[in-house]
Amino acid sequence: MTFSSKLLSLLKKAPLWLGLLFLFGCPSKSYKKTKSYKKYGATGKRSMISTQGPLSTKAGQLIFKKGGNAVDAAIAVSFAISVERPQSTGLGGGGFLLLKTPESPTPLSFDFREMAPNKSHQKMFLGPSGEEQKGKSINGPLSAGVPGLVAGLFHIHKKFGTLPMETLIEPAAKMAEEGFPVYPHLARAIKARASVLKKYPSSKKLFFKNGEPLKVGDRLIQEDLAKTLRLISHFGKKGFYGGFVGNQIAIENQKEGGIISLEDLANYKVKERKPVKGSYKGYDVYSMGPPSSGGIHILQILNIIENDPLKKMGYGSADSIHLISSAMQTAFVDRAFHLGDSDFVKVPTQKLISKNYAKMLRSRIKANSAQTFEESKMRGPFPKESDETTHFTIMDKSGWTVSSTQTINGWMGSGFLVPGTGVILNNEMDDFAQKVGASNLFEAFGGEKNLIEPKKRPLSSMSPTIILKDGKVKLALGTPSGTRILTCVAQTIINYLTFEMDLYEAVAATRFHHQWSPNEIRVGSNPFPTSIISDLEKKGHKVKFKPLGCKIQAIADEGAVLRGVSDPRGEGLSLGE
Ligand code: GLY
């Protein structure tokens, strides 16, 4: 599309994006007066919760009221959001969690990402001549990894929880029993995945009414899921990985072509990992390491731009967008070639996040021209020394902070709801490279280190992040949205710490994304003015307009108050006490 035709199509959509501009606010001081600022932002003295689901935020708040700590609240929110956002997350999925306790000088990280089943292998999604078969890794139970969420929550509860698990599960079980009206995002997801959902009678029964996908306002009651939650409440982890639920998962997924066995379920392992650590303008930044690529590349992007006069260039200027998106572009080259599950392949983490390496990468970014696909691939040796997920953030003033991203991968995961359990299995196997050079649901380039192996965890972009200043938490955040996660998190950090925006503004401001392949800048909702787009095109960037899907959930400790923001692009809620 030429620039003029793009301009024309943008102008046609002007009422929409001007509306978004008004709603979300732009980098001016007027945003504080918007309804959206009040609706999606909150302050508190003792605690703060930001999640993508209003009912889940309230479930977390209830736990604080019962005397629980932030870990208790996080566990309650995880179960609740599994009920409230079945399109994005659930017991059939997995995730990562970063935790700062009052005692630990630095955050801890927990990996409860799905694992490839024992029977998985590198060619499982390829056709007879080794060709990609896209839908196979996305639809149906063969696309599912062994779920890790329930194991993760029990692991964390055992170490840090203070209230009984039954108390933490109860709000979710009640929500599943009583139901809630379908909201627009959920209705969109059900409709978008209707053709897969209706293939499985159990999925169709829950998400269709009179032969049609549920619509906005229809009540979604998840009785089977409520029963599963109560079994977990009663029998603990075994209530999910064994007994009725475990048996149903193993038997029913295999009936429909899946390969998860009871043994796979029994052998699921939570991993405690060291978060990746970097520094940015005097702050210590902690984020998720492999099998997430997120933390490494957030640090890489921040390192590359750290010494540039971004504030002087200005937020939303062609120069700052060019620089930041070029840093993203180069980081994604490394993602393709170096990242995978570090239990299986060597990931040169320290080299990738080193300041010297960033210096070399920075030197290749020219002020006035974008790097081509091939140019950005050229690295040379390392310097010697070297659409759909959910996120919530919880903080309290006694020193606990939780930042957790959880997912079943694509909308409605594999689309397969395990009969009698209410559990939707993920389609996380699509996050593996089906073969070198193939791309996944998020169009990310598949590298050799991310090929399928039994028990391996697929590469992720989920980036729960906690930032400290002098040992104290300053900011904690994260977001859903596949590969866009890490660039949205990096930009929010830059907006808050470098452009010194108010937290709401830092979250609401227009964002962009570059992932090298495709070699273009993708500008999200409320796009920059056409003059800026034209300047970027003059520098050689291809610019595409498409919402990024990120829904940042952020909390900052601003001394007198804890400030929370749930991204105004979503339907979430921040609540403080
Ligand atoms: N499934 C999305 C991610 O892990 O990044």
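An account of the accompanying structure is given in this report. (Residues numbered from 1 in each chain as written. Predicted model: local features only at pLDDT ≥ 70, side-chain atom pairs only at ≥ 80, totals over all residues. Heavy atoms only, no water.)

1. Things to note about the site of the ligand
Part 1: Lining the immediate environment of the ligand, one finds R113, N409, E428, D431, F442, S460, S461 and M462.
Part 2: At 2.6 Å, a side-chain N or O of N409 approaches a nitrogen atom of the ligand.
Part 3: Interatomic distance of 2.7 Å between a side-chain N/O atom of D431 and a nitrogen atom of the ligand.
Part 4: Summarising the interface, the protein chains cover 98% of the accessible area of the ligand, which totals 200 Å² for the free molecule. (Near = heavy atom within 4 Å. Polar contact = N/O pair within 3.5 Å; in protein donor to acceptor, adjacent residues only side chain to side chain. Areas by Shrake-Rupley, 256 points an atom, 1.4 Å probe, with all protein chains shown as cover.)

2. Concerning the nonpolar core
Part 1: With 85 residues, the main nonpolar core has Y280, I305, I493, I494, F512 and F528 as its most contacted residues.
Part 2: With ten residues, helix α17 (residues 318-338) is the single largest residue contributor to this core.
Part 3: If near-sequence neighbours (up to four positions away) are discounted, I305 is found in contact with Y280, L310, L323, I324, A327 and I494.
Part 4: One finds A74, L153, L197 and F207 within the second-largest nonpolar core, a separate group that totals 77 residues. (Core = buried A, V, L, I, M, F, W, Y, C linked by side-chain atoms within 4.5 Å. Buried < 20%, exposed > 50% of the residue type's maximum accessible area, 1.4 Å probe, protein only. Helix = DSSP H or I, 4+ residues; strand = E, 2+ residues; numbered from the N terminus. Contact = heavy atoms within 4.5 Å.)

3. With respect to the pattern of salt bridges
Part 1: A full pass over the atoms with the stated rule returns 27 salt bridges.
Part 2: R511 is the partner of D567 in a salt bridge, and the nearest nitrogen-oxygen pair spans 2.7 Å. Highlighted residues: D567 in the loop between β22 (562-566) and β23 (573-576) and R511 in the loop between α22 (503-508) and β18 (512-514), separated in sequence by 56 residues.
Part 3: Since its relative accessible area comes to 0%, D567 is described here as buried.
Part 4: Judged by relative accessible area, R511 falls into the buried class, the value being 3%.
Part 5: In this structure, the salt-bridge partner of E558 is R563, at a minimum N-O distance of 2.7 Å. (Salt bridge = Lys/Arg side-chain N within 4 Å of Asp/Glu carboxyl O.)

4. Description of the pairing of strand β1 (residues 41-44)
Part 1: On β1, burial follows the alternation: A42 and G44 on one face are buried, whereas G41 and T43 on the facing-out side are not.
Part 2: Across four bridges, the pairing between β1 and β22 is antiparallel. Within the sheet, the bridge partner assigned to G44 lies in β22 and is L562. (Pairing = 2+ DSSP bridges.)

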